[in-house]
Amino acid sequence: MSAPSAPSVAFDAVAVLAGGETLASTLQATMPIDALAWIAIAAFGIALLVRRSDTALPARPLAGAAWLLFGVYWLTMVPYYYADAQSPLQTVLALAALPLCAYTGYLLWSGRDSLFVLTKAVALMGLIYLPAETIPFVRQWLIETTAVQTHYGMELLGYSPGLSEGAAGYESRFAFDPDETVTGRTTYIVLACTGLGSMAIFGGLIAAVAAPLRRKLAAFALAIGVIWLLNLVRNVFIGLATPWGWFQQDVVVSFVTTYLGAEEARVSYLVAHNYISQTLSVVALVGITYLVVKLLPEILEPLEEVLFVLTGTEYDLETALGADVRTDGGPRDP
């Protein structure tokens, strides 16, 4: 369960440490950062509107500037990921975002118009995620619904801690008795725990490409269903590993406290969340992408652009993956 921040480009974390800690300062600190994200998404939208007017030249510098601003947003998240979340993966990704976004903007500015599809996808991701973060009743409904579903998952495994008020005032905290657990700590759900960030990624990619509506809806339903199920499993895993100290073995505690500067009582949370869950999230992201491609190979176009930005090499992913449907919606030629 991680910081309640703006949209993520990778799978969102699923648990945030409670046990006496509060998100009040984090929420206060991220408010101007969220404004920066909104400005970046708005800039993407303006560039795309200019592009639709068949005036490509001004659209390119506008989109390039939007990408640079988006990279600056991720750079502002580095202190949180490093010091508060203590997540090496998220810290590295946030650090890499600025040069990658700046390079993407440069490529657009230089005339690589194929990147407009990726630009549209990122803009749509933001439009899916940011309203849920900034509209209170939507955020509350998502958080409390996820908390109830996660608690039900715990009950299936024989645990029934009940729910109490979390840091934001929602019924989202798993009310384990600290005197009866190993670490004396527990977790509570924040927006990042709902899986909305991951859903926004696929929603943006699917909505951005040109394809028959029927296949787009099928791909969207598949992605959302798998994300929801995996996110629920991950919430239950971290929600139980944290209070019951599943990773409080001496050798693990010694390593995490000595080399990562963590508190001893946080070790199980950090291992379950920052190392096991986030690593598996990357694997899940690849797996879900492969399933969606089978239904909607059109999303290979923005993915090829991502690979070009990362490697400088052109890829033909449709041929490499053996997609079963041409991007015009018809069957592949034999």
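Because the structure is predicted, anything quoted here is derived from the model rather than measured.

With that settled, consider the overall build of the chain. Of the regular secondary structure elements, the chain holds 12 helices and four strands. Scored against the burial criterion, the 334 residues of the chain give a buried share of 49%. Long-range pairs, those at least 24 residues apart, make up 71% of the contacts in the chain between residues at least 6 apart in sequence. Accessible surface, the chain: about 15100 Å² in total, of which carbon and sulfur atoms supply 67%.

Now for helix H7 (residues 196–208). Helix length check: H7, at 13 residues, gives a terminal C-alpha distance of 18 Å against a target of 18 Å (1.5 Å per residue), a fit within 8%. Here H7 lies mainly inside the structure; 12 of its 13 residues are buried.

Next up on the list: a nonpolar patch on the surface. Together, Leu89, Leu93, Val282 and Val286 make up an exposed nonpolar region whose accessible area comes to about 320 Å². Assignment of secondary structure puts leucine 93 in helix H4 (residues 88–109). When its relative accessible area of 42% is taken as the criterion, leucine 93 is described as partly exposed.

Under the definition given, this model contains 12 aromatic pairs. Taking the centre distance of 6.0 Å and the plane angle of 45 degrees together, the rings of phenylalanine 237 and tryptophan 246 count as tilted. Aromatic pair phenylalanine 237 and phenylalanine 247: ring centres 6.1 Å apart, planes at 80 degrees, arrangement edge-to-face. Pair noted here: phenylalanine 237 is in helix H8 (residues 213–244) and phenylalanine 247 is in the loop between H8 and helix H9 (250–260), with a separation of 10 residues, a long-range link. Members of the aromatic cluster, connected to one another through ring pairs, are Phe44, Trp67, Phe70, Tyr73 and Trp74. Between arginine 112 and the ring centre of phenylalanine 308, over which it is positioned, the NZ or CZ distance is 3.6 Å.

This paragraph deals with H4. If you check H4, its first and last C-alpha atoms are 32 Å apart, about what 22 residues at 1.5 Å a residue would give, namely 32 Å. Listed as buried for H4 are Gln90, Thr91, Ala94, Ala97, Cys101, Thr104, Gly105, Leu107 and Leu108. Of the residues one or two after H4, glycine 111 is the one with positive phi, at around 115 degrees.

A few words now on the pattern of salt bridges. Side chains that differ in sign of charge can pair as their charged atoms come close. The full count for this structure, using the stated rule, is five salt bridges. Its salt-bridge partner being arginine 60, residue aspartate 113 comes within 2.9 Å of it at the nearest N-O pair. Taken together, the residues aspartate 113 in the loop between H4 and helix H5 (115–134) and arginine 60 in helix H2 (residues 56–76) connect sequence positions 53 residues apart. Residue arginine 215 is joined to glutamate 298 by a salt bridge in which the shortest nitrogen-to-oxygen separation is 2.7 Å. Here glutamate 298 lies in the loop between helix H10 (267–295) and helix H11 (300–311) and arginine 215 lies in helix H8, a separation of 83 residues in the sequence. We classify arginine 215 as buried; its relative accessible area is 8%. According to the relative accessible area criterion, glutamate 298 is buried, its value standing at 4%.

The sheet contact formed by strand E2 (residues 163–165) and strand E3 (residues 171–174) spans three bridges and is antiparallel. Among the inter-strand pairings, glutamate 165 is bridged to a residue of E3, identified as glutamate 171. Between the antiparallel neighbours E2 and E3 lie five residues, among them glycine 169 with a positive phi of about 90 degrees.

All right, on to the nonpolar core then. Core analysis: the biggest nonpolar cluster contains 32 residues, and Phe44, Trp67, Phe70, Tyr73, Trp74 and Tyr81 have the highest contact counts within it. Every element with two or more residues in this core is listed here: helix H1 (24–52), H2, helix H3 (78–84), H4, H5 and H11. Setting aside chain neighbours within four positions, we find phenylalanine 44 in contact with Ala63, Ala66, Trp67, Phe70, Thr119, Val122 and Ala123. Counting 19 residues, the second largest nonpolar core, distinct from the first, contains Tyr129, Tyr170, Phe176 and Ala200.

A few words on the confidence of the model for the chain. Model confidence for the chain is summarised by a mean pLDDT of 83, while 85% of its residues fall at 70 or above. Per-element averaging of pLDDT across the chain places strand E1 (residues 16–17) at the bottom with 30 and H8 at the top with 96. In the predicted structure, residues 2–31 sits below a pLDDT of 50 and forms 103 contacts with residues beyond four places in sequence or in another chain. Considering only residues more than four positions removed or in separate chains, one finds that residues 325–334, a stretch of pLDDT under 50, has 22 contacts.

A word on the side chain of threonine 91. With respect to the helices and strands, the residue threonine 91 is situated in helix H4. Residue class for threonine 91 comes out buried when judged on its relative accessible area of 9%. Look past the residues within four positions of threonine 91 in its chain and what remains in contact with it is Val78, Tyr81 and Tyr82.

Our next topic: the environment of alanine 40. By secondary structure assignment, the location of alanine 40 is in helix H1. When the C-alpha atoms of alanine 40 and glycine 126 are compared, they prove to be 9.2 Å apart, with 86 residues separating the residues in sequence. In contact with alanine 40, not counting residues within four places along its chain, are Ala66, Leu69 and Phe70.

The rules behind the values
Residues numbered from 1 in each chain as written. Predicted model: local features only at pLDDT ≥ 70, side-chain atom pairs only at ≥ 80, totals over all residues. Heavy atoms only, no water. Helix = DSSP H or I, 4+ residues; strand = E, 2+ residues; numbered from the N terminus. Buried < 20%, exposed > 50% of the residue type's maximum accessible area, 1.4 Å probe, protein only. Contact = heavy atoms within 4.5 Å. Areas by Shrake-Rupley, 256 points an atom, 1.4 Å probe, with all protein chains shown as cover. Expected span 1.5 Å × (residues − 1). Patch = residues over 30% accessible without salt bridge, like charges linked within 9 Å, V, L, I, M, F, W, Y side chains within 5 Å. Salt bridge = Lys/Arg side-chain N within 4 Å of Asp/Glu carboxyl O. Phe/Tyr/Trp six-rings, centres within 6.5 Å; stacked < 30°, edge-to-face > 60°. Lys NZ or Arg CZ within 6 Å of the ring centre and 35° of its normal. Pairing = 2+ DSSP bridges. Core = buried A, V, L, I, M, F, W, Y, C linked by side-chain atoms within 4.5 Å. pLDDT = per-residue confidence, 0-100.

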